[in-house]
Amino acid sequence: MALDRKTPNDLNAFWMPFTANRQFKKSPRMFVAAKDMHYTTSDGRQVLDGTAGLWCCNAGHCRPKITEAIQKQAAELDYAPAFQMGHPIAFELANRLIDIAPEGMEHVFYTNSGSESVETALKLAIAYHRARGDGARTRLIGRERGYHGVNFGGISVGGIVTNRKVFGPMLAGVDHLPHTHLPAQNAFSKGQPEHGAHLADDLERIVALHGAETIAAVIVEPMAGSTGVLLPPKGYLQKLREITKKHGILLIFDEVITGFGRLGSAFAGQHYGVTPDLMTTAKGLTNGVIPMGAVMCTKDVHDAFMNGPEHMIELFHGYTYSGNPIASAAGIATLDTYREEGLFERAAEMAPYWQEALHSLKGTRHVIDIRNEGLIGAVELEPIAGEPTKRAFSAFLKAYEKGILIRTTGDIIAMSPPLIIEKEHIDQLIGTLKEVLDTLD
Ligand SMILES: Cc1ncc(COP(=O)(O)O)c(C=O)c1O
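In this text, all values refer to a predicted model and were calculated from it rather than measured experimentally. (Residues numbered from 1 in each chain as written. Predicted model: local features only at pLDDT ≥ 70, side-chain atom pairs only at ≥ 80, totals over all residues. Heavy atoms only, no water.)

Here's the deal with the site of the ligand
And step 1. In the neighbourhood of the ligand, the contacting residues comprise S113, G114, S115, Y147, H148, G149, E221, S226, D254, V256, I257 and K283.
And step 2. One nitrogen or oxygen atom from the side chain of K283 is found 3.0 Å from an oxygen atom belonging to the ligand.
And step 3. For the ligand, whose free accessible area comes to 390 Å², the fraction covered by protein is 84%.
And step 4. Taken together, the residues that form the shell around the ligand break down as 3 nonpolar, 6 polar and 3 charged. (Near = heavy atom within 4 Å. Polar contact = N/O pair within 3.5 Å; in protein donor to acceptor, adjacent residues only side chain to side chain. Areas by Shrake-Rupley, 256 points an atom, 1.4 Å probe, with all protein chains shown as cover. Nonpolar A, V, L, I, M, F, W, Y, C, P; charged D, E, K, R; others polar.)

Okay, here's the thing in structure tokens:
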């Protein structure tokens, strides 16, 4: 059944983000509604959401509690100034976040996106050292293949080449750890791979090269998502934690996609048993419904700023929409939904079924690796010689035609379904993907 809101007749004005605009506008793919695990397309088809939108709708779509909270808040207090004024609901959400965060996280700084959370965390790290009289610590260490959003700090510490190479020199004083992808040893690992903890030792080389006294922070995704799901080898994150601690370097976990249950715990920090000094979040914080991000940090980081005359602003940083009332209401209703439905635990319970279903694709045409953790999975395809990304993009288009939404990055298919997924949805997702791969050139 066709819906009222059809494809608009002029698609020209909207320059779409991270999209092949010319291809899309010749052959648009439009969603006009969503409910729970499914999108409805403009031509009335149901598409199973294998990606939780963009790794963000962890509780599924159009969840009543979240919708109602937004409607109510919009009618009651739509906006309040974020600077020098407060409103109760932003404080309530901060407390609720601290309740579920890894132990030691005690403060929350609001942003509006993952990219802004990253910029905030990087700035906090540099300013923290300066506040402690250690102002030479300004270097930031990221990792090859890392994704930390699209702003200048984020692309500087990030390591996805296409996101960096056309944007000039970026931040000075940045270095990168090697990525953790070792297909020769780890291909088709189920969960965390065995090999590669030693890659964290490269931080000692970077410290020796630059001097620990010049390094402010190391930022990594505990599990790298956007680059195509690269898991931390066993022991790797623990080593990073040890080395950063030893040298007085802050450790930032970018939990923008791993946060809010994706790996079966509230955050990856708890899942892997490693607590950073700062964590960046967004996406699942409001179930993707209203833009919002949050940086969480330890008491030590926060308290370093809390000095000087009391009438003085301690940190000259913030956003007009930091802790926006409607976003805060969405955040609280989202956390309620996660808790009432036990969705983080549910992700952990479904993970073994998800893992076996995914790995059943081993041996399917073009598949050269499969990786998984929690409710995340990646299927890496052999690229077409001389035409990188084309095979996976064809898979994405065919999958959409066949009623499943997957995501591709390079020649990797990444999936991260809502945590409400049922076994029959997993069967449909993986079964359809197999059909797609079987018919691909
Ligand atoms: C780890 C990580 N950091 C930052 C971001 C950027 O978030 P946003 O698109 O909300 O700016 C993303 C988005 O996918 C991400 O995966």
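So much for the structure itself; the text now carries on.
A closer look at the pairing of strand β2 (residues 38-41)
And step 1. Bridging between strand β1 (residues 31-35) and β2 involves 4 bridges; their strand directions are antiparallel. The partner of F31 across the bridge, within β2, is T41.
And step 2. The loop that links β1 with its antiparallel partner β2 comprises 2 residues; one of these, D36, has a positive phi angle of about 55°.
And step 3. Two strands pair when backbone bridges link them, and β2 and strand β3 (residues 46-49) are joined in this way by 3 bridges, in the antiparallel orientation. The partner of H38 across the bridge, within β3, is L48.
And step 4. Turn length for the β2-β3 hairpin, with the two strands adjacent in sequence and antiparallel, is 4 residues, and the turn residue G44 shows positive phi of about 85°. (Pairing = 2+ DSSP bridges. Helix = DSSP H or I, 4+ residues; strand = E, 2+ residues; numbered from the N terminus.)

Notes on helix α5 (residues 114-131)
Along an α-helix, a turn takes 3.6 residues, which lines up residues three or four apart on a common side.
And step 1. Over its 18 residues, α5 runs 25 Å from end to end, which matches the ideal 26 Å to within 8%, given 1.5 Å per residue.
And step 2. The element α5 is extensively covered by neighbouring structure, given that 13 of its 18 residues are classed as buried.
And step 3. With a side-chain oxygen positioned 3.4 Å from the backbone nitrogen of S115, the residue opening α5 is S113. (Expected span 1.5 Å × (residues − 1). Buried < 20%, exposed > 50% of the residue type's maximum accessible area, 1.4 Å probe, protein only.)

Digging into the sheet that holds β1
And step 1. Spatial ordering of the open sheet is given by β1-β2-β3-β13, a layout of 4 strands whose pairing is mixed. Where the open sheet ends on each side, the last strands, each with one partner, are β1 and β13 (404-405).
And step 2. Alignment of β3 against β13, held across 2 bridges, turns out to be parallel. Residue pairing across strands places D49 opposite L405, the latter belonging to β13.

Some points on the sheet that holds strand β6 (residues 174-177)
And step 1. The sheet built from 7 strands is open, its strands ordered β4-β10-β9-β8-β7-β5-β6 with mixed pairing. Looking at the sheet topology across the chains shown, the edges are occupied by β4 (105-111) and β6. Averaged over all pairs of adjacent strands, the angle between their axes in this sheet comes to 20°, without regard to strand direction.
And step 2. Across 4 bridges, strand β5 (residues 139-143) lies against β6 in parallel orientation. Bridge pairing links L140 to V174 in β6. (Axes fitted to C-alpha atoms, helices over the stretch in contact; angles between N-to-C directions.)

Section: the pattern of salt bridges
And step 1. Scanning the entire structure with this criterion turns up 23 salt bridges.
And step 2. Among the ionic pairs, K65 bridges to E340, the shortest N-O distance being 2.8 Å. Residue K65 is located in helix α3 (residues 64-76), and its partner E340 is located in helix α13 (residues 325-340); the two are separated by 275 residues in the primary sequence.
And step 3. Using a relative accessible area of 35% as the deciding quantity, one classes K65 as partly exposed.
And step 4. Within this structure, K35, D36, R63 and E341 form a network of salt bridges that share partners. (Salt bridge = Lys/Arg side-chain N within 4 Å of Asp/Glu carboxyl O.)

Structural notes on the nonpolar core
And step 1. The biggest cluster of nonpolar side chains holds 69 residues, and the ones touching the most others in it are L97, Y110, V379, I413, M415 and L433.
And step 2. Ranked by residue count, the leading element in this core is α13, at 8 residues.
And step 3. Among all residues touching Y110, those that are not within four sequence positions of it are A90, L93, A94, L97, M292, G293, A294, Y319, S322 and G323.
And step 4. Formed by 32 residues, the second largest nonpolar core is a distinct cluster that contains A200, L231, L237 and I376. (Core = buried A, V, L, I, M, F, W, Y, C linked by side-chain atoms within 4.5 Å. Contact = heavy atoms within 4.5 Å.)

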